[in-house]
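Okay, here's what each chain looks like letter by letter:
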Amino acid sequence: MKGRAVITGIGVLSSIGKGRDAYWKALQRGATGVRPITLFDAAPFRVKSAGEIADFEALAYLGKKGLRDLDRSTRLVCSAAKLALDDSGLAISDEMSRSVGVAIGTTFGSLHSIAQFDRSGLTEGPRFVNPSHFPNTVINSPASQVSIRFTIKGFNTTLSTGFCAGLDALSYAADFIRLGRADAVLAGGVEELCEETYRLFHDLGYLSGMSGAEPVSRPFDAGRDGFVLSEGSAVLVAENEEYARSRGADILAVILGCGNAFDPEADSTFERAGRGLKTAIAQALEEACVRPKDVGYVCSCANGMPGLDRMEARILHEVFGEDARHVPVSSIKSMIGETYSASGALAVAAAVGGLRQGFIPPTVNHRQTDTLCALDIVPNAARAQAVKTVLVTAADPYGQNSALVVGGYNR
Amino acid sequence: MNDRVVITGLGVVSSIGIGWEEFWKNLLAGRSGISPVSSFDTTNHFTHNGGEVRNFRAEDFIPAERLPFMNRATQMAVASAKLAWEDAGLTAGDAADHTVGVSHGTTLGAAQAIEEVDSLLIQKQELRKGLLYQMPPHTAPSAVAREFNCHGPNFMFSTACAAGNYAIAYAYDLIRMKRADIVLAGASDAVSRIEYTGFNQFKAVAPEKCQPFDKNRKGMIPGEGAGMLIIESLGSAVRRKAAIYAEIGGYGLSCDAHHMTTATVEGIAACMNKALLEAGIGKEEVSYISAHGTGTVANDKIECASIKEVFGPLYKGIPVSSIKSMLGHTMGAASALEAIACALIVRHDTIPPTINYESPDPECDIDCVPNVARKQTVDVALNNSYAFGGNNASLVIKNFAGKKERGLD
């Protein structure tokens, strides 16, 4: 191994705040980002609210040049990358551009761009489709536009593992730094809110509010009924520790370990699942040389899907044993909603906020504890508390599970 | 951590053969897999040919009750994985005793499912849940892992037309980091009307045949398929007494950081140089290059210039062929199928040709192994792949046995 991966910059665009400071403040405040959908006509859907980012203007981050043909996913991730680069003070020069990479989690790229291109061919005929829209249909378009915009030549990787994609991009980046394949990586995830992705989760029955009640993101609560779909992007600058120190960067946190395991028993009920998440957590802790009792906070992937939250609670009980009720475990998805491919990266961005500013984000909208999720979920209000080590989890109904341990930085 | 990484199983679903034996036989015979597109209507497109896998019968590989939950690309991925698994002599016991991972790649993911949804919505019809379930790309590595009860790491790389190489490359890392003992690494893509329409509108599709490096080449031909490799540590392969096809020497990635659809010599050359450096291979040691070789005017020209940039005067002595001349461009699956070809090339010391080669192009004056396969010692193969977004990947595949064992020394 050729050195640790540290985090030196964070760029966030979320339904509760833009930029890392606003994001951290909103997490401490327990803000929620659920609002009526304006990006498309939600009238045909049973649920009409989502975690849409209000007043997002890519122009404010990227300037006018080259924006015209970029879809929302690409605008979001490029803007987050710009914020992350500015935050880290990492200037990409010709000399070091080949040792910097990009790793982005996105499952569809832009499902809207893909479907719109197809519909244009179907309704107007294939010879009338605008060729300049074709590149946006390729899943690696958002990540590639980050490299193009900021001239990053080392590598460019897109990971498409659904709910795990954002966390997987960060662990891939950490691996590349530890293997000496890169000095720095812009790593994160992106999810745009669009009609097509919304329809997918709506029609699969995953969303809160399908029964006609007001949609609420209520992880671990007895009354939870699904998730609120949201958009967002978080890009982090991960760097080789020595490289970051040599340029005098302000090191925000260190990536201590990662784990990834598949669970053939998984489905949308998560009833028989668990072995995969447990293995992923065990691997991440082992790699981090962190004992379960030294975990100060779990930034959980619970999103309000009844089975997922229960599965995670059960596995955390197995991992922490007698201490399980004393480890704070909260879900920021109660505030920002389920940002799917971006969720893991937004969770790590939140965890770093907790490490850096000494707080544990709350699980808001909590009314009544589900007895099968008996954990310290930090209900409704953030807790001022020093944190040294955070475990971040992700799990997908198709069977993927990821875990990552991030720690405070002491020289 | 520096355990050697070897290839012990190959699985192929292609337009010129299902299973590596038929694929290899037809590669050496220079058989074309190009035919008129049948999976959607091309009446209003400029071109009508594609590289569809005409005789793929998913039900030969997958239980009928699971088929409604798998799009065509995933079906081909599972079939190729089954073929590779059996080829490597792996058993259910191996899946229980080892950490088995899946590292998969794609360009289009489940584009055919997305297209079916689009059609149904336009016709104002109901969407069935099985179809919705098919839509995310990671259904493919998920279905592969479920097939063999794999509990190891599971990844999906959507790095467009270099995705197969990205997936194999990370499998190599996973084994060297000891995160997995064995990895099913590969890629799959099914012919899609989105892709076909897009390349048609780019005027990048050849009407009849794919002619990489030919002066009169008219473009690429969209194809489909799946390639899967069993990648494992040498230790694991030896313990299992598995037959070893080849060794992975290392890889290089780069990004052009220039344009979504126009490649650069600088980016491609950097990628090849990184792969050779990591593998500790000198330029004079490279005995074969599996070209990206799509058959478009721009790609082949830039690729040849990049090879000259890296190899200097040595370039004329290195055979460079493109099996896309036979398969068309199978998108993300292409570099996985080409990696399989490289494993067979270093194992059998025989190089498949670039077919449809008629007129030399002074800008592409590489030795493209025109039209006829060639018997030649190949110790080191370099598998090149380039993609939209400037996502480049080169993989070094080496002969494992060494010259002595082959009686060549």
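Model, not experiment: these values are computed from the prediction.

### Things to note about the overall build of chain B
Then, in step 1: Secondary structure summary: chain B contains 14 helices and 15 strands in total.
Then, in step 2: Taken over the C-alpha trace, chain B has a radius of gyration of 20 Å; the compact-globule value for 409 residues is 22 Å, and the two agree within 12%.
Then, in step 3: Along the longest, intermediate and shortest principal axes, the C-alpha atoms of chain B span 65 × 55 × 40 Å.
Then, in step 4: In chain B, of all internal contacts separated by at least 6 residues, the share reaching a separation of at least 24 is 78%.
Then, in step 5: Looking at chain B as shown, the accessible area adds up to about 12,800 Å², and 51% of this sits on carbon and sulfur atoms.
Then, in step 6: Across chain B, the mean location of the 37 positive side-chain charges is 1 Å away from that of the 44 negative side-chain charges.

### Considerations on the pairing of strand β6 (residues 154–157) of chain B
Both faces of the sheet carry side chains from a regular strand, because those side chains alternate between them.
Residues and elements named next belong to chain B.
Then, in step 1: Every second residue of β6 is oriented toward a common face, with Asn-154 and Met-156 on one face and Phe-155 and Phe-157 on the other, all of them buried.
Then, in step 2: Bridging between strand β5 (residues 100–105) and β6 involves 4 bridges; their strand directions are parallel. In the sheet register, Gly-105 faces β6, and the bridge partner there is Phe-157.

### Details of the nonpolar core
Then, in step 1: Core analysis: the biggest nonpolar cluster contains 197 residues, and Ile-7, Tyr-23, Tyr-172, Tyr-198 and Ile-332 of chain A together with Ile-7 and Ile-231 of chain B have the highest contact counts within it.
Then, in step 2: Per element, the largest residue contribution to this core is 10 residues, and it comes from helix α13 (residues 332–348) of chain B.
Then, in step 3: Beyond its immediate sequence surroundings of up to four residues, Ile-7 of chain B is in contact with Leu-229, Ile-230, Ile-231, Ala-243, Ile-244, Tyr-245, Ala-246, Ile-248, Ala-343 and Ile-397 of chain B.
Then, in step 4: Listed in part, the 35 residues of the second largest apolar core include Val-53, Ala-95, Met-156 and Met-228 of chain B.

### Looking at the interface of chain A and chain B
Then, in step 1: Listed per partner, the contact involves 66 residues of chain A and 70 residues of chain B.
Then, in step 2: Here chain A packs against chain B, burying approximately 6,000 Å² in sum over the two surfaces, 62% of which is carbon and sulfur.
Then, in step 3: Taken together, the links from chain A to chain B amount to 7 salt bridges.
Then, in step 4: Residues Arg-181 of chain A and Glu-278 of chain B are paired through a salt bridge, measuring 2.4 Å at the closest nitrogen-oxygen approach.
Then, in step 5: In this structure, the connection of chain A to chain B is made through 35 residue pairs in polar contact (both at pLDDT 80 or more).
Then, in step 6: For the side of chain A that touches chain B, the secondary-structure elements that each account for two or more residues are α4 (111–124), α5 (141–150), β6 (155–159), α6 (165–178), α7 (195–203), β9 (253–262) and α9 (275–288) of chain A.

### Quick notes on the pattern of salt bridges
Then, in step 1: Taken as a whole and judged by the stated rule, the model has 43 salt bridges over all chains.
Then, in step 2: Two residues, Arg-181 of chain A and Asp-173 of chain B, come together in a salt bridge whose shortest N-O distance is 2.8 Å. Remark: Asp-173 of chain B occurs in helix α7 (residues 163–176) and Arg-181 of chain A occurs in the loop between α6 and β7 (184–191); the pair is interchain, linking two chains.
Then, in step 3: Its salt-bridge partner being Arg-272 of chain A, residue Glu-265 of chain A comes within 3.1 Å of it at the nearest N-O pair.
Then, in step 4: Residue classification places Glu-265 of chain A among the partly exposed residues on the basis of a relative accessible area of 32%.
Then, in step 5: Judged by relative accessible area, Arg-272 of chain A falls into the exposed class, the value being 65%.
Then, in step 6: Overlapping salt bridges bring together Asp-175, Arg-178 and Glu-287 of chain A together with Arg-179 of chain B as one network.

### Here we look at α5 of chain A
Residue and element names in this part refer to chain A.
Then, in step 1: Among the 10 residues that make up α5, 9 are buried, leaving the element largely enclosed by the rest of the structure.
Then, in step 2: Among all positions in α5, only Ser-141, Pro-142, Ala-143, Ser-144, Gln-145, Val-146, Ser-147, Ile-148 and Phe-150 are buried.
Then, in step 3: Positive phi shows up at Thr-151, right after α5, with a value of about 50°.

What counts as what
- Residues numbered from 1 in each chain as written.
- Chains lettered and ligands numbered in written order.
- Predicted model: local features only at pLDDT ≥ 70, side-chain atom pairs only at ≥ 80, totals over all residues.
- Heavy atoms only, no water.
- Helix = DSSP H or I, 4+ residues; strand = E, 2+ residues; numbered from the N terminus.
- Rg over C-alpha atoms; globule rule 2.2 N^0.38 Å.
- Contact = heavy atoms within 4.5 Å.
- Areas by Shrake-Rupley, 256 points an atom, 1.4 Å probe, with all protein chains shown as cover.
- Lys, Arg positive; Asp, Glu negative; His and termini not counted.
- Charge placed at Lys NZ, Arg CZ, Asp CG, Glu CD.
- Buried < 20%, exposed > 50% of the residue type's maximum accessible area, 1.4 Å probe, protein only.
- Pairing = 2+ DSSP bridges.
- Core = buried A, V, L, I, M, F, W, Y, C linked by side-chain atoms within 4.5 Å.
- Buried area = accessible area lost by both parts, 1.4 Å probe.
- Salt bridge = Lys/Arg side-chain N within 4 Å of Asp/Glu carboxyl O.
- Polar contact = N/O pair within 3.5 Å; in protein donor to acceptor, adjacent residues only side chain to side chain.

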